Amino acid sequence: MSHPVRTRFAPSPTGYLHVGGARTALFNWLFAKHHGGTFVLRVEDTDAARNTEEARAAIFDGLAWLGLDWEGPENEGTCGPYYQSQRDAIYQEWFEKLVTADRVYEDDGAWRFRFERKPVTMNDLVCGEVTIDYSDESNTPDMVVRRSDGSFVFHFVNVVDDLTMGITHAIRGEDHLMNTPKHLQLFEAFGATPPAYAHVPLILNGDGSKMSKRDEGAALGDYPKQGFTSDAVVNFLALLGWSPKDESEIFSASELIEKFTLDSVNRAPARFDPEKCRWVNQQHLLKMSPDDFVAACDSEATPEMLLSIQEKISLLSEVPNAVAFYLDPEFPIDPEALTKVKGNELAAPLLTKLSATFAQLQDWSLAKASIGETAKAEGAKPGQLMFPLRVALSGKAGGPDLGAILEILGQQECVRRLKNFTSLLA
């Protein structure tokens, strides 16, 4: 590419950061990083009546949580973003260029841009060739670029911003596709080269309906609260409309940067799948180093307890419940699991025998091996004892490896829990 790549994300601070906006920001960031370029954040905050500080903070916090570092107008790489509300003088200067060129005229107090009456063709990097015919003024009336109150409209400031910020690639949602021919006419009027445009598909719910603000997964700010890791969400968002050349699906941010190209962006709308998101998160938890996983859990449990449940959870929010039986001597017992154990007539005698065996062990590291030996001595299969033992020690039908539970709880506590549990079976 002849010029250094510069992409931008231009949100309006009027609500929380939607997952669709976060995905758009990510695609711009990945494309810029892939080409060694710059990702710019530009806040479209000219609508003072609807802008809120809370919404602005949600944008910044969301991008920071995802790890999408941006560059701004002053100290590139460290601050930002650009604010449209601070750029009135720049917009006025470029508006005067249109006045001088006789490309705008006043209409009932507002100012309209005079379209050239000809077909305009754009070659979108995702959608392909799109043509809008401006020959018929009744179908494509001249566009207002400045309102009667003196404020400039989106189409005008969007073009001026892209032009003055040197944006080379505008990657945005498909809902902006029909705006682009208007923008191309403005660039031509300014005698400037437009950015290359890439309109990415919309994100739909699993049933094909448009994703609303109230739908599951719509608000990016909910993800950390629900126990998702930022690396997993970045990975999942990338898969909403993009796929690599192979069948792989789990990537680190650096791997996404290496692989991301616009020609791998799908034309069809993406379907949001909450279960797929949980699965991606689980895969990232599994790939974490022990130290990173323990740090991410932020729990009072010991590292040994936490690492024993690393393979058993999909979300960090599941950690407290997963380790609760370790920390609570009077842990609750799942009623269904208890009923299942009571249905096994061998459970009580086997657990009683095992309790005695555990109490007599001189070397606690032999505890797990003694389970099979005890079952065999009583003419039972190891499985007939392992499930009742799990419920006796944890109160649950599933969970960490039994060997890990035995080691973490220790001999005295395991014997105590076994005796308490067998009393329930009497």
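Our structure is the block above this text.
Per-chain numbering applies: the sequence of each chain, read as written, is numbered from 1 onward. In keeping with the predicted nature of the model, local features appear solely for residues at pLDDT of at least 70, side-chain atom pairs appear and are counted solely at 80 or more, and the whole-chain, interface and lining totals rest on all residues. Calculated side-chain values reflect all of the structure's heavy atoms, with hydrogen atoms and water omitted.

A. Geometry of the sheet that holds strand 4 (residues 104–107). Whether two strands pair comes down to DSSP finding at least two bridges between them. Note on conventions: DSSP H or I runs of at least 4 residues are helices, E runs of at least 2 residues are strands, and numbering of each starts at the N terminus. Read across the open sheet, the three strands follow the order 4-5-8; overall the sheet is antiparallel. Of all the strands in the sheet, just strand 4 and strand 8 (143–146) have a single pairing partner and so form its edges. The sheet shows a mean angle of 45° between the axes of neighbouring strands, taken without regard to direction. Here strand 5 (residues 110–113) runs beside strand 8; their pairing, made up of three bridges, is antiparallel. Residue pairing in the sheet places Trp111 in a bridge with Arg146 of strand 8. Lines are fitted to the C-alpha atoms to define the axes, a helix being fitted only along its stretch in contact, and any angle between axes, read from their N-to-C directions, falls within 0 to 180 degrees.

B. The environment of Tyr223, seen in detail. Structurally, the position occupied by Tyr223 is in helix 6 (residues 222–226). C-alpha separation for the pair Tyr223 and Val233, spaced 10 residues apart in sequence, amounts to 7.8 Å. Whether two residues are in contact is decided by their heavy atoms, any of which lying within 4.5 Å being enough. Not counting residues within four places of it along the chain, the set of residues in contact with Tyr223 comprises Val19, Trp65, Gly217, Phe228, Val233, Phe272 and Cys277.

C. Representation of the packing of aromatic side chains in the model. Classification of ring pairs uses Phe, Tyr and Trp, with its six-membered ring standing for Trp, and accepts pairs whose centres are within 6.5 Å; under 30 degrees between planes counts as stacked, over 60 as edge-to-face, and the remaining range as tilted. By the definition in use, this model includes 17 aromatic pairs. Relative to Phe190, the ring of Trp94 has its centre 5.0 Å away and its plane inclined at 85°; by these criteria the two rings are edge-to-face. With Trp94 in helix 3 (residues 88–100) and Phe190 in the loop between helix 5 (180–189) and strand 10 (196–200), this residue pair connects regions lying 96 residues apart in the sequence. Comparing Trp94 with Phe190 shows no difference in burial state: the two are buried. Every member of this aromatic cluster is reached through a ring pair, and the members are Tyr91, Trp94, Phe95, Trp111, Phe152, Phe156 and Phe190. Two thresholds decide whether a charge sits over a ring: the Lys NZ or Arg CZ must be within 6 Å of the ring centre and within 35 degrees of the ring normal. Its guanidinium or amino end placed over the ring of Phe27, Arg23 lies 5.2 Å from that ring's centre, counting from NZ or CZ. In this structure, Arg146 is placed above the aromatic ring of Phe95, and the distance from its NZ or CZ to the ring centre is 5.0 Å. Residue exposure (1.4 Å probe, protein chains only): buried if accessible area is under 20% of the type maximum, exposed if over 50%, otherwise partly exposed.

D. Representation of helix 14 (residues 347–360) in the model. What a helix is expected to span follows from its residue count: subtract one and scale by 1.5 Å. Along its 14 residues, helix 14 runs 20 Å from first to last C-alpha, staying within 8% of the 20 Å computed at 1.5 Å per residue. Of the residues making up helix 14, those classed as buried are Ala347, Leu350, Leu351, Leu354, Ser355 and Phe358. Angularly, the buried residues of helix 14 cover 140° about the axis, an arc narrow enough to put them on a single face. Summarising the contacts, the buried residues of helix 14 are in contact with helix 13 (335–342), helix 15 (367–377), helix 16 (383–394) and helix 17 (402–424). Arc, as used here, means the arc of the directions from the helix axis to the C-beta atoms.

E. Representation of the packing of helix 15 against helix 16. In the contact formed by helix 15 and helix 16, the axes pass within 9 Å of each other and the chain directions differ by 125°. The orientation of helix 15 with respect to helix 16, classified from their angle, is oblique. Pair helix 15 / helix 16 crosses with right-handed handedness. Residues Ile371, Thr374 and Ala375 of helix 15 touch helix 16, and the partners they reach there are Leu385, Met386 and Leu389. For this classification, Asp, Glu, Lys and Arg are treated as charged, while Ala, Val, Leu, Ile, Met, Phe, Trp, Tyr, Cys and Pro are nonpolar and the rest, including Gly, are polar. Split by residue class, the contact of helix 15 with helix 16 holds five nonpolar, one polar and no charged. Geometric relationships in this document are graded by angle, where less than 35 degrees denotes roughly parallel, more than 145 denotes roughly antiparallel, 65 to 115 denotes roughly perpendicular, and other angles denote oblique. Left-handed describes a crossing in which the near helix is turned anticlockwise from the far one by less than a right angle; the clockwise case is right-handed.

F. View of the side chain of Gln84. Within the secondary structure layout, Gln84 lies in the loop between strand 3 (82–83) and helix 3. Sequence-distant contacts of Gln84, defined by excluding residues within four places in its chain, comprise Arg42, Val43, Glu44, Asp45, Thr46, Tyr91, Val157 and Asp161.

G. Fine view of the packing of helix 7 (residues 230–238) against helix 9 (residues 274–287). At a minimum axis separation of 9 Å, helix 7 and helix 9 run at an interaxial angle of 135°. Compared by their axis directions, helix 7 and helix 9 come out oblique. Crossing angle aside, the handedness with which helix 7 passes helix 9 is right-handed. Contacts between helix 7 and helix 9 involve Asp231, Ala232, Asn235 and Phe236 on the former and, on the latter, Lys276, Cys277, Val280, Asn281 and His284. For the contact of helix 7 with helix 9, a count of residues per class yields four nonpolar, three polar and two charged.

H. Here's a closer look at the pattern of salt bridges. Just to be clear on terms, a salt bridge is a Lys or Arg side-chain nitrogen sitting within 4 Å of an Asp or Glu carboxyl oxygen. Overall, the coordinates contain 19 salt bridges when judged by the stated rule. Of the charged contacts, one joins Arg416 and Glu413 as a salt bridge, the two residues approaching to 2.7 Å between their closest N and O atoms. Here Arg416 pairs with Glu413, and both are found in helix 17, just three residues apart, close to one helical turn. With relative accessibility at 27%, the residue Arg416 sits in the partly exposed group.

I. Broad picture of unusual backbone geometry. One non-glycine residue, Asp102, lies in positive phi territory at about 60°. By the secondary structure assignment, Asp102 is in the loop between helix 3 and strand 4. At Asp298, a residue that is not glycine, the phi angle is positive and equals roughly 50°. Position of Asp298 relative to the elements: it lies in the loop between helix 10 (290–297) and helix 11 (303–308). Asp298 gets classed as exposed once you look at its relative accessible area, which sits at 72%.

J. Structural context of the pairing of strand 5. Two elements, strand 4 and strand 5, share four bridges in a ladder whose sense is antiparallel. Across the sheet, residue Glu106 finds its bridge partner in strand 5, namely Trp111. From the end of strand 4 to the start of strand 5, which pair antiparallel, there are two residues, and Asp108 there has a positive phi angle of about 55°.

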